[in-house]
Every structure is written in structure tokens, then in C-alpha cells.
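# Observations on chain architecture
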Amino acid sequence: MGKKRSLSETINDKVEERTLMVGVVGLGYVGLPLSMSFAQHLKVVGFDTAAEKVEMLRQGRSYIDDIAETKNDNFLPTADPSALRECDVIIICVPTPLHEDKRPDLGPIKSAAQIVGKELRKGQLVVLESTTYPGTTEEVLLPILERMSGLKVLADFGLAYSPERIDPGNRKFTVENTPKVVGGLTPEWTDAAAKVYGVAIKEVVPVKDCKTAELVKVYENIFRNVNIALVNEMAIICERMDIDVWEVIDAAKTKPYGFMPFYPGPGVGGHCIPLDPFYLAYRARQFDYIPRFIETSGEVNDYMPIHVVNLARAGLKAAGKCLNGAKVAVLGVSYKPNVSDTRESPALLIIRELMSEGAEVRIYDPLAGSMRIDGTELFTMGSADEVLRWADAVILQADHDDMREEMQRALRGADERLVFVDTRGMKLQDIPSSCSYVCLGRGHNGTTER
Ligand code: SAJ
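Summarised in this report is the structure supplied together with it. Everything numeric here is computed off the predicted structure, so don't read it as measured data. (Residues numbered from 1 in each chain as written. Predicted model: local features only at pLDDT ≥ 70, side-chain atom pairs only at ≥ 80, totals over all residues. Heavy atoms only, no water.)

## Looking at the overall build of the protein chain
Helix and strand content of the protein chain: 13 helices and 15 strands. Relative to the compact-globule value of 22 Å for 450 residues, the protein chain shows a C-alpha radius of gyration of 25 Å, a close match. On the principal axes, the C-alpha backbone points of the protein chain span a range of 90 × 50 × 40 Å. Partitioning the contacts of the protein chain with sequence separation of at least 6, the portion at a separation of at least 24 is 70%. By element, 54% of the accessible surface of the protein chain is carried by carbon and sulfur atoms, the whole surface being about 20400 Å². (Helix = DSSP H or I, 4+ residues; strand = E, 2+ residues; numbered from the N terminus. Rg over C-alpha atoms; globule rule 2.2 N^0.38 Å. Contact = heavy atoms within 4.5 Å. Areas by Shrake-Rupley, 256 points an atom, 1.4 Å probe, with all protein chains shown as cover.)

As C-alpha cells, this is what we get:
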């Protein structure tokens, strides 16, 4: 009679035999692509509490831009949590928002933990993917799983953390070819979780434990947030020193080592970069450390939408007008170019500020189509021509590739009364010559004499 296989060895055996069954909790922009990748190799139960999402998936349709269709005999979408009992591994991919006061909101993780805990059975491995502060898996997820199931971690089930690295709209880096960091509660569970992900993902990067893996993710995104804040500060300095920050960056990035370009912008939006730093800042304070760097970079980035409104005010003033009563159009309202997502977009604060100063504001964004702001739906105008005929000033907030040509054409017909505020650093040859041009990070307080 051979030695009894441990729980993690049993998981490893099922990986080997490709009989492992994967459960994914939360079928959003992380869980759905992950499910479809696993479903190329294994049976996958996709669970979501949103019945309408599950219904769409049952019909083989998708609600995620990057996933064309979801018809796959290995993929079983369901709103019935009991289906999770059949799975050998359960991967939790739910959002981690912030409360109003920027404290982490672990509500979605806690409710997912309750759902999973109720179905948990001996031998399963639970993995958390949601971006969160170091310590969440062991101190928040683990106790709920044990309480709801009556089981004991390690003795009855395994636990690991593996951060998501889904980049919406990125055709180059997919689930399969983006290295996956994995940290288990113990080395044997790190190894088991790594073997599970290894079925669908080319490169897996095991680390010491859950909290190491949790910190890797928030550090990656704080790295971006801090560097974006640094270059935003460079832009403001350049305006005062009559230097072109965009030229400075292009020259600096010729350095073949030790430099990575970031670009100034109207602010930092999206559902990752503006939020993740506050998860670590919150946790650092619990360890009596004041994360000045993280908090200062958040403040610099939060100031940028205000700075953009200041540029618009300066441009209108130079044209003998003021914001009060001015007609201002925002071109591109999504949180970054070439996406339709307006969540946490800097355009929200820009529009609020403009309205509070008495400007009449309209938007033009053929990709986003509309934007919800304080309970009102703002719909895009019909064309760039219409915008430039209507507006006293336009602010380029997100320069979508698909919008650029139309905008350039419309600008060629603009007259000198129009103020054009560029927050994305157009190429010098594209700068409109017929209207007054103000640019983030370009000399003379943003106005560039040509
Ligand atoms: N931004 C700048 N200047 C920059 C880069 C970005 O102002 O140089 C602004 C953008 O306009 C946007 C915000 O920052 O408002 C966030 O931009 P982002 O490029 O970081 O895009 P996200 O939010 O989609 O970030 C995601 C993240 N992916 C995951 O968390 C899995 C991030 O880790 C990726 O590095 C990023 O995509 C990416 O590289 O596209």
C-alpha cells in the first residue's frame, strides 16, 4: 500500500493527468479571460452572482472587449455556487475598490470568501487574485473560509495568492504569455498553485508566501503611479521654465539603460493605478510607517485635472475671455487613450471644475460615447467639426488613435478665436497653427509661441 498522497500531491496528480477542475469566482475583465485560458486545457466552472452575465456566457456571448466569444464545452458558467464543490481549485477574481475616504473596501473579497467557504470541501485549493495589501489572504480570506466551512487550512484545504496582470486592450501581452507570480501559504501550496497555473500560462514565478505575492502586485502599480507623478511634476516645472517636457522625455529615453519613459497627462484614471497605492499606504500605517512618497505622488496626480483647468483658464484669458460663460468641449473622456472605459477618468474632475466655474461643457468621444457625471449622462457631440464650431475652448484629454485624423482635419479649419488645450503632447508638426494652442508641459505656462 503506497504512502497516502498529501492534499497538494493530489492536486499535482490531477494537474499531471489533466483531470483537474478549476473554479473561477468573479467573471469580470480578470476572471473571464482567465477562465477561457484554463478552458483550453481543463474543465472550468465560471461562477458569478450576476445572473445576466451568466446568461450571456451560456449563450456563448461575451461582455469583455478582449474576449470575442465564450462557447467552449470545457467552460460551464453558472450562478449556482454549489457547482464550486466539484472543483479542485477555486480562484477568486473580484474587485478591490476604495471607500470614499480612500480606505480599502474588502467587501467583495469578504462576500466571495463567504460564498466559497460555504461550498468548500476537503482537498480543495483556494487562490485569491484580487489586488490587495500584503496580509489580506492570511488575515481576511483564511479565517472566513475556516469559519464558513468548519475546515482547517493546510489540514483540509490549501491557500495561495496570485496577482492578476490583465491589461485590458493589450493584444501583445495576454493571460498565456504574461508571467504569473504565485505565493502559497506553505512551499508545498506555492508549488501546487504554480503547477495549476502552469497548465494555462507559459511562465510561472513562485515566491516565498502569500504576502510576498500580494506586495509584488501593489508595488508594480505604485511604481507606475509614482513615476507618472514625477513626470507630471516635470511638466509643471517645464511650463515655468519655458522648456518642452515632451522633448525632454524623448531625449531622456535615448539613454539605453536605467531610464523608462512615462508621460505627463491630465491625471491618473482607471481601476488599478489610482487605487492600488492607497491599499499599501493603508497597510504601511498599520505598521507605523507613514508612506510619504506614495501619498505625495497621489496628491500630485490628483492635482493634474485642476492644472488642466488652469491651463484652459490661462488660454481663454489670453484670448480676452474667462471660464465663466465660456463654451468648453472635452475631447476624449475615457481614462486613457484607446479605451472606452470612463471609470475614474480625470475628465470627471475636469468637467466638474469647469462647470463650477460657470463654463458650459460638452464632450466629444466616439469611443466612450457618453459619460455619467453626478447623475447626468453627458452624450458625445456628433463630430469634431461640430465641436470646434461650437466651442470657445477644447481640451484634448484622451487622444484616441481613431479620433486623431478627424480632429486634425477639423483643427485645420479652426479660427484664431478657438483655444486648444493639449494634455497629451501632440507632435510639433500636428500643432494647429490657426488657433491659440496651450499645452501641458510646454513653455510659457503651457502656451507655445510658434
Ligand atoms: N498615465 C499617464 N502617464 C503614463 C502612463 C499612464 O498619465 O505615462 C495615466 C493614463 O492616462 C491612465 C492612468 O495613468 O489614466 C493609468 O494608465 P495605465 O497605462 O497604467 O493603464 P491601466 O490603468 O490600464 O493599468 C493597467 C495595469 N495592469 C494591471 O494592473 C494588470 C498596469 O499594471 C499596467 O502596467 C498598465 O495597464 C499598462 O501597462 O497598460
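## Things to note about helix α5 (residues 136-149)
Compared with an ideal rise of 1.5 Å per residue, which puts 14 residues at 20 Å, α5 spans 19 Å between its outermost C-alpha atoms and is within 8% of the ideal. L142 marks where α5 bends most, by close to 30°; the proline P143 follows one to four residues later. Within α5, burial applies to T136, T137, V140, L141, L142, I144, L145 and E146. Contacts from the buried residues of α5 go to β4 (89-92), α4 (107-119), β5 (125-128), β6 (158-161) and α7 (210-241). Looking at the residues trailing α5, positive phi occurs at G150, about 75°. (Expected span 1.5 Å × (residues − 1). Bend = angle between axes of the 7 residues up to and from the residue. Buried < 20%, exposed > 50% of the residue type's maximum accessible area, 1.4 Å probe, protein only.)

## Focus on the environment of T380
Looking at the element boundaries, T380 is found in the loop between β12 (376-379) and α12 (384-390). Owing to a relative accessible area of 26%, T380 belongs among the partly exposed residues under this scheme. Expressed as a C-alpha distance, the spacing of T380 and R5, which sit 375 residues apart in the sequence, is 61 Å. Excluding residues that lie within four positions of it along the chain, T380 makes contacts with I363, Y364, D365, P366, G369 and S370. Engagement of the side chain of T380 in a polar contact is seen with the backbone nitrogen of D365, the distance being 2.8 Å. (Polar contact = N/O pair within 3.5 Å; in protein donor to acceptor, adjacent residues only side chain to side chain.)

## Focus: the pairing of strand β11 (residues 370-373)
Bridge count between β11 and β12: 4 bridges; the pairing is antiparallel. Bridge assignment links S370 to a residue of β12, and that residue is F379. With antiparallel pairing between neighbouring strands as the criterion, β11 and β12 make up a hairpin whose turn holds 2 residues, including D374 at a positive phi of roughly 50°. (Pairing = 2+ DSSP bridges.)

## As for empty space enclosed by the protein
What the rule picks out here adds up to 1 cavity of 30 Å³ or more. The volume enclosed by the largest cavity comes to roughly 40 Å³. Taken together, N225, V268, P274, F278, G298, N301 and D302 make up the lining of the largest cavity. Broken down by element, the lining of the largest cavity gets its largest block of residues, 3 residues, from helix α10 (residues 292-318). A per-class count over the lining of the largest cavity returns 3 nonpolar, 3 polar and 1 charged. (1 Å grid on protein atoms, 1.4 Å probe; cavity = no way out; pocket = protein on both sides within 12 Å on 5 of 7 lines; lining within 4 Å. Points joined across faces, edges and corners; volume = space filled by probe spheres on them. Nonpolar A, V, L, I, M, F, W, Y, C, P; charged D, E, K, R; others polar.)

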